[in-house]
Amino acid sequence: MTSANSRGRARDALFYCAALEDAGDVVLGGDEVDHVKAQRLQPGDSLMLFDGRGQVARGTVRSIVRREIRIAIGERRRESPPRPRIELYCAVPKGDRVAVLLDMATQLGMSRFTPVRWTRAVVEPGARAAGRWQRVCLEACKQSRRVHLPEIGAPVTLADAIAKARAGGARLLLAHPGSRTALASPPDFASAPRVALFAGPEGGLVDDELTLLRDAGADFLSLGEGILRIETAAIALLAAVNVLGTFENK
C-alpha cells in the first residue's frame, strides 16, 4: 500500500546507490539517510535509485533504523548515456564559484569535468577537491534527475587536454571573446560522439594556447562582447551546445 506521503509527491524522490546492480535489498547510509529524512519517507513509501552509471531501479522503504535505510528493489532499467558526450575542459574559479559551475554543468548534461592548467589560471585544485566536486555533481543529478554522474578528471595541461579530447573523436569548441563564429552556421555537433568544450581563465588565453587549439581544429565561439567569469562562460557554452543539438536533431 502506498502512503499518503508518497501519493502527494509528483515524482518519487531520487537516491544514489553505488551498489545498485547487486541482487536483493540494498541499504542506504551516509548522506542518503539525511536525504530520506528530508523527504519524510516512511516504511512502505516508494522511491527511485540510481548508481550514476545509468542503472535505475524503483524501490520501497522496508525499514528506517538510525543511520541505515533498507530498500526493497523492484523494477530495474538501464538508461543509455547522453549523446553526444559533453566534456568540459575548464579553468577553476575561485572559492565557492566552482560549486556553482559544477552544479549547473551537471544539470545541463556534462559528462566529464577536467581542470586545465592554463598559463593565466589562478586556482590549482587541492588534493581533496575531486571528492568535494563529485558530491556537488551528485546533488545536481538528483535535482535534474540525470542518472549518469559526471566524471571528475585530474588537472592536465592544455596539450594533454587536447590529446585526450581528440583521442575520443571529440569535436572541440572554445569560448573566445571576439570570435566571428555565429549560431546561424553552427558546427555539426549531432554527428560527433563527443564534444569537448574549453573555457579558459578570466585573464584570457595566451597566443600559444590559441595556436594549440586552432591547430587541433577547434571551433571558436563568441559568447558576447563582455569578459565573462569562468563559470558563466562554461555554462553559456554548455547551454549553446544543448540548443544547437536540439536544432540539429530535428
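Residues numbered from 1 in each chain as written. Predicted model: local features only at pLDDT ≥ 70, side-chain atom pairs only at ≥ 80, totals over all residues. Heavy atoms only, no water.

Structural notes on the sheet that holds strand 3 (residues 46–50)
Point 1. Spatial strand order, 1-3-4-5-2: five strands in an open sheet with mixed pairing. Because the sheet does not close on itself, it has two edges, and the strands there are strand 1 (14–16) and strand 2 (26–28). Shown here is a sheet whose adjacent strand axes are inclined to one another by a mean of 45°, direction ignored.
Point 2. Where strand 1 lies against strand 3, three bridges are found, and the strand directions are parallel. (Pairing = 2+ DSSP bridges. Helix = DSSP H or I, 4+ residues; strand = E, 2+ residues; numbered from the N terminus. Axes fitted to C-alpha atoms, helices over the stretch in contact; angles between N-to-C directions.)

Let's talk about the state of the cysteines
Point 1. Here the structure, examined in full by the defined rule, presents zero disulfides.
Point 2. The thiol of Cys141 is unpaired, and the distance to the nearest cysteine sulfur, on Cys137, comes to 6.9 Å. (Disulfide = S-S within 2.5 Å.)

Topic: the pairing of strand 7 (residues 110–117)
Point 1. Most of strand 7 is tucked away, with six of its eight residues classed as buried.
Point 2. Examined bridge by bridge, strand 6 (residues 85–90) and strand 7 share five bridges and lie parallel to one another. Considered in strand 7, the bridge of Cys90 is made with Pro115.
Point 3. In this view, the connection linking strand 6 to its parallel neighbour strand 7 by way of helix 3 (residues 97–107) has right-handed handedness.
Point 4. As judged from the two bridges shared by strand 7 and strand 8 (residues 151–152), these two strands associate in the parallel manner. Note on strand 8: the bridge partner recorded for Arg112 is Glu151.
Point 5. With helix 4 (residues 129–144) bridging strand 7 and the parallel strand 8, this β-α-β connection has right-handed handedness.
Point 6. Bridge count for strand 7 against strand 9 (residues 156–157) is two bridges, and the pairing is parallel. Of the residues in strand 9, the one forming a bridge with Arg117 is Thr157. (Buried < 20%, exposed > 50% of the residue type's maximum accessible area, 1.4 Å probe, protein only. Right-handed = clockwise from strand over helix to strand, strands pointing away.)

Structural notes on helix 2 (residues 31–38)
Along an α-helix, residues three or four positions apart point the same way, because every turn accommodates 3.6 residues.
Point 1. Among all positions of helix 2, only Glu32, Val33, His35 and Val36 are buried. Down the axis, helix 2 shows its buried residues gathered within 160° of arc, on one side only. Looking at helix 2, the residues exposed on the side facing more than 90 degrees away from the buried face are Asp31 and Ala38.
Point 2. The inward-facing, buried residues of helix 2 abut strand 1, strand 2, strand 4 (55–65), strand 5 (68–78) and helix 4.
Point 3. A positive backbone phi angle near 55° is found at Arg40, which sits one or two residues after helix 2. (Arc of directions from axis to C-beta. Contact = heavy atoms within 4.5 Å.)

Quick look at the environment of Gly59
Point 1. You can see Gly59 is positioned in strand 4.
Point 2. Between the C-alpha atoms of Gly59 and Gly44, which are 15 residues apart in sequence, the distance is 9.5 Å.
Point 3. Sequence-distant contacts of Gly59, defined by excluding residues within four places in its chain, comprise Asp45, Ser46, Leu47, Ile71, Ala72, Ile73 and Gly74.

Comments concerning unusual backbone geometry
Point 1. Here the amide bond leading from Arg83 into Pro84 is cis, since omega sits at 0°, within 30 degrees of zero.
Point 2. One can find Pro84 in the loop between strand 5 and strand 6.
Point 3. Residues other than glycine seldom take positive phi values, yet Arg40 does so here, at roughly 55°.
Point 4. Among the secondary structure elements, Arg40 is positioned in the loop between helix 2 and strand 3.
Point 5. The residue Arg145 is not glycine, and still its phi comes out positive at about 60°.
Point 6. Along the chain, the position of Arg145 falls in the loop between helix 4 and strand 8.
Point 7. Take Arg145: its relative accessible area is 31%, and that puts it in the partly exposed class.

As for the packing of aromatic side chains
Point 1. Taken as a whole and judged by the stated rule, the model has three aromatic pairs.
Point 2. Measuring from centroid to centroid gives 5.5 Å for Phe113 and Trp133, while their planes differ by 85°, and the two rings are edge-to-face. A residue pair is termed long-range when its members are at least 10 positions apart, and Phe113 in strand 7 and Trp133 in helix 4 qualify at 20 residues. Both residues of the pair, Phe113 and Trp133, count as buried. (Phe/Tyr/Trp six-rings, centres within 6.5 Å; stacked < 30°, edge-to-face > 60°.)

As for helix 5 (residues 158–167)
Point 1. All of the buried residues along helix 5 are Leu158, Ala161, Ile162 and Ala165. The arc enclosing the buried residues of helix 5, seen along the axis, measures out at 95°, which places them on a common side.
Point 2. Of the surrounding elements, those touching the buried residues of helix 5 are strand 6, strand 7, strand 9, strand 10 (170–175), strand 11 (194–199) and helix 6 (207–215).
Point 3. Once helix 5 ends, the next one or two residues include Gly169, with phi positive near 75°.

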